[in-house]
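Below, each chain spelled out in residue letters.
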Amino acid sequence: QVQARIAEVLRRFETEPRFVFTVLHRVAVTGEVRLPGLYTLPAETTIPQAVAAAAGPTPQAAVGRVRLVRPEGVT
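What you see is a predicted model, and the numbers here were worked out from it, not measured in a lab. What you see as residue numbers is a count from 1 along each chain, following the sequence as written. Reporting in this predicted model follows two pLDDT cut-offs: at least 70 for local features of residues, and 80 or more for side-chain atom pairs to be given and counted; totals over whole chains, interfaces and linings ignore these cut-offs and use all residues. Excluded from the side-chain calculation are hydrogens and water; included are all heavy atoms of the structure.

S.K.: Got a minute to help me understand the overall build of the chain in this structure?
M.R.: For helices the rule is a DSSP run of H or I covering at least 4 residues; for strands it is a run of E covering at least 2, with both sets numbered from the N terminus onward. Within the chain, the regular secondary structure consists of 2 helices and 2 strands. Starting at the N terminus and walking to the C terminus, you meet the elements of the chain as α-β-β-α. Taking 75 residues into account, the globule formula puts the C-alpha radius of gyration at 11 Å, and the chain, at 18 Å, lies well above it. In terms of overall dimensions, the chain has C-alpha extents of about 55 × 25 × 15 Å along its principal axes. Note on exposure labels: buried denotes an accessible area under 20% of the residue type's maximum, exposed denotes more than 50%, and partly exposed covers the range between, all computed with a 1.4 Å probe on protein chains only. Of all 75 residues assigned to the chain, the portion counted as buried reaches 15%. In the form shown here, the chain has an accessible surface area of approximately 6,600 Å², with 54% of it arising from carbon and sulfur atoms. In this treatment the radius of gyration is a C-alpha quantity, and the globule benchmark scales as 2.2 Å times the residue count to the 0.38 power. Residue-level accessible areas treat just the shown protein chains as cover; the underlying method is Shrake-Rupley with a 1.4 Å probe.

This is the structure in structure tokens:
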């Protein structure tokens, strides 16, 4: 529905608009990473990619003990 709405608006300026629509998620990367924080990442991002977005693990990180926490109601 969102993609159709965007196309409708763009048709005011272009006869056959072409665009790429990518769903992004806000992901909090915390703990022993170099740049902890909130990142906007594509839906298909893996945990190692999210850690890499946060500049990688610190030397103290236990890379074998990563925990994924999802908000209630999110699958």
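S.K.: Can you help me understand the nonpolar core in this one?
M.R.: If you look at soluble globular proteins, the nonpolar side chains tend to sit buried side by side. What we call a nonpolar core is a set of buried Ala, Val, Leu, Ile, Met, Phe, Trp, Tyr and Cys residues that are connected through their side-chain atoms within 4.5 Å. Core analysis: the biggest nonpolar cluster contains 7 residues, these being Val-29, Val-33, Tyr-39, Leu-41, Ala-50, Val-51 and Ala-54. Of all the secondary structure elements, the ones that give two or more residues to this core are strand 2 (37-42) and helix 2 (47-53). The contact criterion used throughout is that any non-hydrogen atoms of two residues lie within 4.5 Å. Setting aside its immediate chain neighbours within four residues, Val-51 contacts Val-29, Val-33, Gly-56 and Pro-57.

S.K.: Quick question: what am I supposed to make of a nonpolar patch on the surface here?
M.R.: Taken together, the side chains of Val-2, Phe-21 and Val-23 make up a nonpolar region of the molecular surface, amounting to roughly 250 Å² of accessible area. Here Val-23 lies in the loop between helix 1 (2-10) and strand 1 (24-29). The exposure class assigned to Val-23 is partly exposed, which follows from its relative accessible area of 46%. Surface patches are defined over residues having more than 30% relative accessible area and no salt bridge, joining like charges when they lie within 9 Å and nonpolar side chains (Val, Leu, Ile, Met, Phe, Trp, Tyr) when within 5 Å. When a carboxyl oxygen of Asp or Glu is within 4 Å of a side-chain nitrogen of Lys or Arg, the pair counts as a salt bridge.

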